[in-house]
Amino acid sequence: QVQLVESGGGLVQAGGSLRLSCAASGSIFSITAMGWYRQAPGKQRDLVAIITSAGRTTYVDSVKGRFTISRDNAKNTVYLQMNSLKAEDTAVYYCNAEIWNSRRDNYWGQGTQVTVSS
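Residues numbered from 1 in each chain as written. Predicted model: local features only at pLDDT ≥ 70, side-chain atom pairs only at ≥ 80, totals over all residues. Heavy atoms only, no water.

1. Quick notes on the nonpolar core
- Counting 29 residues, the largest nonpolar core has W36, L80, M82 and Y93 as the members making the most contacts within it.
- With 5 residues, strand 9 (residues 91–100) is the largest single contributor of residues to this core.
- Residues within four places of L80 in sequence aside, it is in contact with L18, R19, L20, W36, V48, A49, F67, T68, I69 and Y93. (Core = buried A, V, L, I, M, F, W, Y, C linked by side-chain atoms within 4.5 Å. Buried < 20%, exposed > 50% of the residue type's maximum accessible area, 1.4 Å probe, protein only. Helix = DSSP H or I, 4+ residues; strand = E, 2+ residues; numbered from the N terminus. Contact = heavy atoms within 4.5 Å.)

This is the structure we're talking about:
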């Protein structure tokens, strides 16, 4: 069984910073892509950033230059450094990972709330 556990959300003023972490544990052979998604109230869950096992990153345009995704493969952990936060970044942030054990499956974390006050 695989678990993704997120941490680091909270309340911050506009212009501030937060760092999210997501650690994968359990029966893991390897992890390919890891990413962060977010879902604001009444909206669909959208991709924020993704990083491959080789370190290639992709960002949604609205966070480019402000957010940085990184990962520690030895710790099976992905991070999201969020700077210059805006009120529109307010959402529940979800970690996602594509994990191989006996087969390849997609896993989600429980979500962590990020609230940016203006």
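2. Digging into the packing of aromatic side chains
- Overall, the coordinates contain 1 aromatic pair when judged by the stated rule.
- Relative to W108, the ring of Y37 has its centre 4.9 Å away and its plane inclined at 65 degrees; by these criteria the two rings are edge-to-face. Within this pair, whereas Y37 is found in strand 4 (residues 30–39), its partner W108 is found in strand 10 (residues 104–108), the two being separated by 71 residues in sequence.
- Classification of W108 by relative accessible area gives partly exposed; the value is 38%.
- A cation over an aromatic ring shows up here: R19 above the ring of Y79, its NZ or CZ 4.1 Å from the ring centre.
- A cation sits over an aromatic face here: R45 above W108, 4.6 Å from the ring centre. (Phe/Tyr/Trp six-rings, centres within 6.5 Å; stacked < 30°, edge-to-face > 60°. Lys NZ or Arg CZ within 6 Å of the ring centre and 35° of its normal.)

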